[in-house]
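Tertiary structure, described
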Amino acid sequence: MAISSSSSSMQDMFKQRKYPFIFSLFLLLIFVTFLLISNSQKSPIFVAIDFAQRTALIKSVPEFNPNSISTSTSTNLHQSNENNNTSINRESPLNNVRIDPQSSNIPLKINPEKSDTIISDELETFSYHWKLCPGPLAVDYIPCLDNWKAIKKIKSRRHMEHRERHCPVPSPRCLIPLPKGYKLPLPWPKSRDMIWYDNVPHPKLVEYKKDQNWVQKSGDYFVFPGGGTQFRDGVNHYIEFIEETFPTIQWGKSIRVLLDVGCGVASFGGYLLDKNVITMSFAPKDEHEAQIQFALERGIPATLSVIATKKLAFPDNVYDMIHCARCRVHWHADGGKPLMELNRILRPGGYFIWSATPVYKKDEGHKNVWKVMVNLTEAMCWKMVARTLFKRGRVGLVIYQKSDSSSCYENRKENIPPMCDQKKNRLNSSWYTPLDSCLLPLASSSYKWPAPWPQRLNTKPLSLLLETDAEETFNEDTRHWASLVSDVYLGGLAINWSSVRNVMDMNAGYGGFATALIDRSLWVMNVVPISGPDTLPVIFDRGLVGTYHDWCESFNTYPRTYDLLHSSFLFGNLSQRCDLVDVAVEMDRMVRPGGDILVQDTLQMIKQLGSILRSLHWSVTLHQHQFLVGKKDFWRPKDIARE
């Protein structure tokens, strides 16, 4: 009956001569079919220039579905020119690394003829005569910390001004030489306990700290027995003693994100990883020779920094705990500004562990320091929750807790130190900003601590409370990165993830990339560019670590300290502020030989960056017209730049 009725209706339409209607319907069907076919050619991945645009568009972008990828390219961008400086070192075992499309988990339909035409016609050869950086210290050169011309002009070094950032202008375009005998780093977790001597050939700490078991020389290796100035008999005993002293500290549950000031070779942070605590270890460059370089070579999170005249490059109220074991910082100096800087970055209700001689020694000098610390911490509304002597290690330590409400500040007899101006916009306020001599105001009600780890990783961060539609955007971002990492990054690109330990996300957003990798044996330095939205508090609320940075300048790390650099739509806006060549040189400085970069960006930006990397003898491949994978070679130029 239904078929008969339908036929009758069609006959009536023809009798009534409704041809225009039929023709319009036919055109509409063709148009819809064309749209469906066109959309199937594109992966619904974010197409944006920076994080601000990406978060604004996220609601209108469908969830990433790998099955929607019907066409894709995996194109080699690496072409040699043996007549100039862009020729390939054919002897390198790392050259010509390619992806095998058959091994990819994503269905790939490659059109080599079309792809090769696009690349060969549009990827210009970047021609530059690269040279090595000059001088005997060039192998460890850090542009913004080794600017000796600027350092010599500093009038005073009283507050460690010479250890702060002094970036050269213009940025140097020389390349960092390799240490003689450099080898691919040992894999994690073996690297926590031993590294190649030739990779960081700095033996001074072996002699200087021999009684404290920081590091020992053994044949071709440096060996790290887990000692330190305050825990020479082993860091595990020290960690357990802290928890026994104050059981409220639940490593890896309520305490997840920690800052270790004056970290030595970062054994404290290295062993806390076993307890699900991620520690940002930091110290100045060369205060003890190469300590941060040792830490990063071991695969332990670390950065170069100093508490001097400028704020640390971290947000307000983010660290669950701060630790100092004989870190040689005079906390009471300059009216207590160094300790007030710790107060700024310490989470309300968070803890400061001070392991130092003034805690227990009774001579006049130590007693005076202790008295000043007592007065200062009381004025800052810090509560002393424990003070004890670790007899096994012959170490005294005190544990302070920062107030989690404003009531203490309001009840002080004197407003010293004063409260900071609440009207001042504090977002991204720590980049090249002088230290405060005031205390941050707190909410009138009690502060809410983040959810226990690992729930806090995907729980709505406290920093999102005031943002419109923030939770929806946050959840969409998390889902996006989970899909992209699992379906493309881990299975479809030419990266050996088993050899990746130190990772940097150059524009981290909400930390979704790091979150998607949380179950892998690696750690991520989440970098939030100072020119974009301030999402770094969200990253810390999730239980991850990171820092602010301006990519028009050099990063505070030694050369050859990262296995993988990642960025998503960073370079469009960045190229409007600085030269992409300088950024590529900095990336080459930070990445270890054999390491990778993974860039998602517009095809135009990928072509520009790929051309520069190719001139640096990187092996470069393009995937799906939006992902660039570059692998660094062992090649270094023969010529040396003038000093």
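Provided above is the structure to which this section pertains.
Residues numbered from 1 in each chain as written. Predicted model: local features only at pLDDT ≥ 70, side-chain atom pairs only at ≥ 80, totals over all residues. Heavy atoms only, no water.

Another point: the overall build of the protein chain. The number of helices and strands found in the protein chain is 19 helices and 18 strands. Counting over 643 residues, the protein chain shows a buried share of 55%. Here the contacts in the protein chain between residues at least 6 apart in sequence split such that 72% fall between residues at least 24 apart. Entry remark: accessible area of the protein chain is about 29000 Å², with carbon and sulfur atoms responsible for 52%. (Helix = DSSP H or I, 4+ residues; strand = E, 2+ residues; numbered from the N terminus. Buried < 20%, exposed > 50% of the residue type's maximum accessible area, 1.4 Å probe, protein only. Contact = heavy atoms within 4.5 Å. Areas by Shrake-Rupley, 256 points an atom, 1.4 Å probe, with all protein chains shown as cover.)

With that out of the way, let us pick up the pattern of salt bridges. Applying the stated criterion across every chain, the model contains 23 salt bridges. Measuring nitrogen to oxygen at the nearest pair gives 2.8 Å for the salt bridge that ties Glu553 to Arg165. Taken as a pair, Glu553 in the loop between strand S14 (546–549) and strand S15 (562–568) and Arg165 in the loop between helix H5 (148–152) and helix H6 (190–193) lie far apart in primary sequence, 388 residues in all. As a salt-bridge pair, Arg347 and Asp541 come within 3.1 Å of each other at their nearest N and O atoms. Linking Arg347 in strand S9 (residues 346–355) with Asp541 in helix H16 (residues 536–541), this pair joins segments that are 194 residues apart in sequence. Residue classification places Arg347 among the buried positions, given a relative accessible area of 0%. (Salt bridge = Lys/Arg side-chain N within 4 Å of Asp/Glu carboxyl O.)

Attention now moves to the packing of helix H18 (residues 580–590) against helix H19 (residues 603–615). Closest axis-to-axis distance for the H18/H19 pair is 10 Å, and the angle between their directions is 55°. The pairing of H18 with H19 is recorded here as oblique in orientation. Handedness of the crossing formed by H18 with H19: right-handed. Note on element contacts: H19 touches H18 through Met605, Gln608, Leu609 and Ile612, opposite Leu580, Val581 and Ala584. Partitioning the contact of H18 with H19 into residue classes produces 6 nonpolar, 1 polar and no charged. (Axes fitted to C-alpha atoms, helices over the stretch in contact; angles between N-to-C directions. Parallel < 35°, antiparallel > 145°, perpendicular 65-115°, else oblique. Left-handed = near helix turned anticlockwise from the far one by under 90°. Nonpolar A, V, L, I, M, F, W, Y, C, P; charged D, E, K, R; others polar.)

Here the focus is unusual backbone geometry. Cis geometry is found at the peptide bond from Trp188 to Pro189, where omega equals 10°. Tracing the backbone through its elements, the reader meets Pro189 in the loop between H5 and H6. Geometrically, the link from Ile416 to Pro417 is a cis peptide bond, its omega value of -10° lying close to zero. As for its position among the elements, Pro417 is in the loop between helix H13 (407–410) and helix H14 (470–489). For Asn276, which is not glycine, the phi dihedral falls at a positive 65°. Using a relative accessible area of 42% as the deciding quantity, one classes Asn276 as partly exposed. Residues other than glycine seldom take positive phi values, yet Tyr432 does so here, at roughly 55°. Residue classification places Tyr432 among the partly exposed positions, given a relative accessible area of 35%.

Glancing now at the state of the cysteines. According to the stated counting rule, one finds 6 disulfides in the structure shown. Paired by a disulfide, Cys381 and Cys408 hold their sulfur atoms 2.1 Å apart. Handedness of the Cys381-Cys408 disulfide follows from its S-S torsion of about -90°: it is left-handed. With Cys381 in the loop between helix H12 (364–379) and strand S10 (383–390) and Cys408 in helix H13, the pair connects residues that are 27 residues apart, well separated along the chain. Exposure remark for Cys381: the relative accessible area of 6% places this residue in the buried category. Between the sulfur atoms of Cys420 and its disulfide mate Cys438 the distance is 2.0 Å. The disulfide joining Cys420 to Cys438 has a torsion of about 95° about its S-S bond and is therefore right-handed. (Disulfide = S-S within 2.5 Å.)

What follows is about the pairing of strand S17 (residues 619–623). Taken across its 5 residues, S17 has 5 buried, putting it largely inside the fold. Neither face of S17 is exposed, since Ser619, Thr621 and His623 on one face and Val620 and Leu622 on the opposite face are all buried. In terms of strand pairing, S17 meets strand S18 (residues 627–631) through 5 bridges, oriented antiparallel. What sits directly across from Val620, in S18, is Gly630. Counted along the chain from S17 to the antiparallel partner S18, the turn is 3 residues long, and its residue Gln624 has a positive phi close to 55°. (Pairing = 2+ DSSP bridges.)

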